[in-house]
Each structure stands twice: as structure tokens, then as C-alpha cells.
Amino acid sequence: DKPSYKWQRVLLKVSGEALAGDHSQNIDPKITMAIASEVASVTRLGIEVAIVVGGGNIFRGSSWAGSSGLDRSSADYIGMLATVMNAIFLQATMESIGIPTRVQTAFRMSEVAEPYIRRRAVRHLEKGRVVIFAAGTGNPFFTTDTAAALRCAENVLFVGPVNAEVVLKATNVDGVYDDDPRHNPNARLHDTLTYHEVTSKDLSVMDMTAITLCQENNIPVVVFNLNKPGNITKAIKGEQVGTLIGG
Ligand code: UDP
């Protein structure tokens, strides 16, 4: 029997920056363990979890392109490889606490991870395994936010007649504010926003490619703070946390 939570299957997007915490070596094992334990608790409830990891804690293509003759495509491939490092770290952490986890990469690296095969990913999820999608979309000039939207749009999350598609974007902020909360103490957190509000006001939630892909495919996005204990669990269980973008 499937649980009656808001989502049966979710896509959790974890940025590289969120993994870094304040650790000097790119990844904070306290954070990966916190993510793993919260994901473990929801998979035990029967909710299926796919994860897209970013790589910005190690390498961000756009900030390197141009320097020392590095072209954008080469820089972006390095960035995609960085996401694979994060994915393997997170996989090892998950498995250390007993959650079976598979990494699938958008380009082949078959000695270290499975290639991305949509139906196989779905099968893993059905079996209760966590699937981590690494290497973004496999294409330069995109981001891992777009990879998260793309995997949803491809129906990786579709469960029978239930529309279980949602991108849960774990960040270092509480959600989307009407002003910058670091400068304006009266800035208000939006509980909900429409895609149109996000794109027309240019709110920096996701890059435009990612948010419009969500909009075109009616994929809701929840932006929430990963650093508050319990938030990942809340977001995955479909409880009110952060900002819900949809409609
Ligand atoms: N990247 C890419 N194509 C993709 C996804 C990522 O080229 O489909 C590269 C890009 O250089 C990006 C880097 O990988 O800067 C790391 O990903 P991202 O910046 O999305 O990570 P995050 O901000 O989530 O840490």
C-alpha cells in the first residue's frame, strides 16, 4: 500500500553550495549525513526519492570560462564532472546508513556509475532505491536546476494516475522573499508564487531555462532551506515549507 502523502515520488535538487556548508574541503560530511538521514526517514515511509546534485562547491563552468583560455564547453564539462564527485560522496553516505542508492550519469562513466536510462531509474525508484542523477543534462550551457526540471519533465516521477512530479530545491535560504532579507529586515517570505511572478519579476529562484521548463510542464517547485533540521523531511512529505511555485 502506498502512503497518502502529497507526493509519492519527488525530485530533490541539492546544490553544490549547500553540500559545502562551512567546510574547507568542498563537502561537509555533516551535511551529507543530515541529507542521508532525512531521506532515509522518508523512504522508510514509502515515499520514493530521486536526487539531482549540483557541483558549484567544486567547479562552476561559467565562472571559469574565459580564464587561461578555457572555453565554455570545456569548463562546463569539468563542472559536470564535479557533480559526479558529489553524487558518489552522497551515494556512499546514503549506503553507509543502509539506503540502497544508485548513481546514474548523463554521460557514460560506466566504471563508476550507471548511465542514465529512464526506465531503469523508474525501476530503481519502484524498488525503493534512491537514484542520484549526476552530470547534469550532459550538455554544456545548462545547469543542474535544468537537469532537475528535465528529469521531471521526462516523467521519471510519474506514478500511475498520480501526478507526483515536484522539484524540491534545497538551498541556503528559507525560500523566495519579496526583497533581499540580508539588507531589508522587513522582507517577507512568499508562501506561494506563480511561475509568471517568478519570471516577470526576475526572482532569482532558478535560471530562466529551468523555471520555464517547469512552467511548460506544470511541474511545481518548492524552494526551501536545507540547513534547518527537519526541512527536507517536511518538503518531501509535502508539508508547508519555504515557497511553493506553481500555477
Ligand atoms: N553543468 C553543465 N550542464 C548541465 C549541468 C551542469 O554544463 O546540464 C556544469 C556547469 O558548468 C555548472 C556546473 O556543471 O556550473 C555545476 O552545476 P551547477 O552550477 O548547476 O551546480 P549548483 O549551482 O547546483 O551547485
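All residue numbers refer to positions counted from 1 along the written sequence of the respective chain. Given that the model is predicted, a residue must reach a pLDDT of at least 70 before its local features are reported, and side-chain atom pairs must reach 80 or more before they are shown or counted; all residues, however, enter totals for whole chains, interfaces and linings.

Per an unreviewed UniProt entry, the protein is named UMP kinase, and its organism is Durio zibethinus. UniProt positions are given in the numbering used here, feature names are shortened, and annotations may be inferred rather than shown by experiment. According to UniProt, the comment filed for the protein under the heading Pathway (unreviewed entry) is "Pyrimidine metabolism; CTP biosynthesis via de novo pathway; UDP from UMP (UMPK route): step 1/1." If you open the UniProt record of the protein and go to Sequence similarities (unreviewed entry), you find "Belongs to the UMP kinase family."

Using a C-beta atom placed from the backbone for every residue, we mark a residue as near a molecule or strand if that atom lies within 6 Å of it. Residues in contact with the ligand amount to 25 residues; listed here are only the nearest, Gly54, Gly56, Gly61, Gly79 and Gly136. Where the shell around the ligand is concerned, the elements lending two or more residues are α1 (16-20), α3 (61-64), α4 (72-96) and α6 (144-153). At 6 residues, α4 tops the list of elements feeding residues into the shell around the ligand. Three classes are used: nonpolar for Ala, Val, Leu, Ile, Met, Phe, Trp, Tyr, Cys and Pro, charged for Asp, Glu, Lys and Arg, and polar for all others, with Gly counted as polar. When its residues are assigned to classes, the shell around the ligand shows 6 nonpolar, 15 polar and 4 charged. Strands here mean DSSP runs of E at least two residues long; helices mean DSSP runs of H or I at least four residues long; both are numbered from the N terminus.

Here the focus is the packing of α6 against helix α8 (residues 208-216). One can describe the packing of α6 onto α8 by two numbers: an axis separation of 8 Å at closest approach and a directional angle of 20 degrees. With respect to α8, the element α6 is oriented roughly parallel. Read as a crossing pair, α6 and α8 show a hand that is left-handed. Across the interface between the two elements, Asp145, Thr146, Ala149, Leu150 and Ala153 from α6 touch Thr209, Ala210, Leu213 and Cys214 from α8. Within the contact of α6 with α8, the residues separate by chemical class into 6 nonpolar, 2 polar and 1 charged. The axes are straight lines fitted to the C-alpha atoms, using for helices just the contacting stretch, and the angles between their N-to-C directions are given from 0 to 180°. For this classification, under 35 degrees means roughly parallel, over 145 means roughly antiparallel, 65 to 115 means roughly perpendicular, and everything else is oblique. Throughout, a crossing is termed right-handed when the near helix is turned clockwise from the far one, and left-handed when it is turned anticlockwise from it by less than a right angle. By definition, residue pairs are in contact when their C-beta atoms, positioned from the backbone, come within 7 Å.

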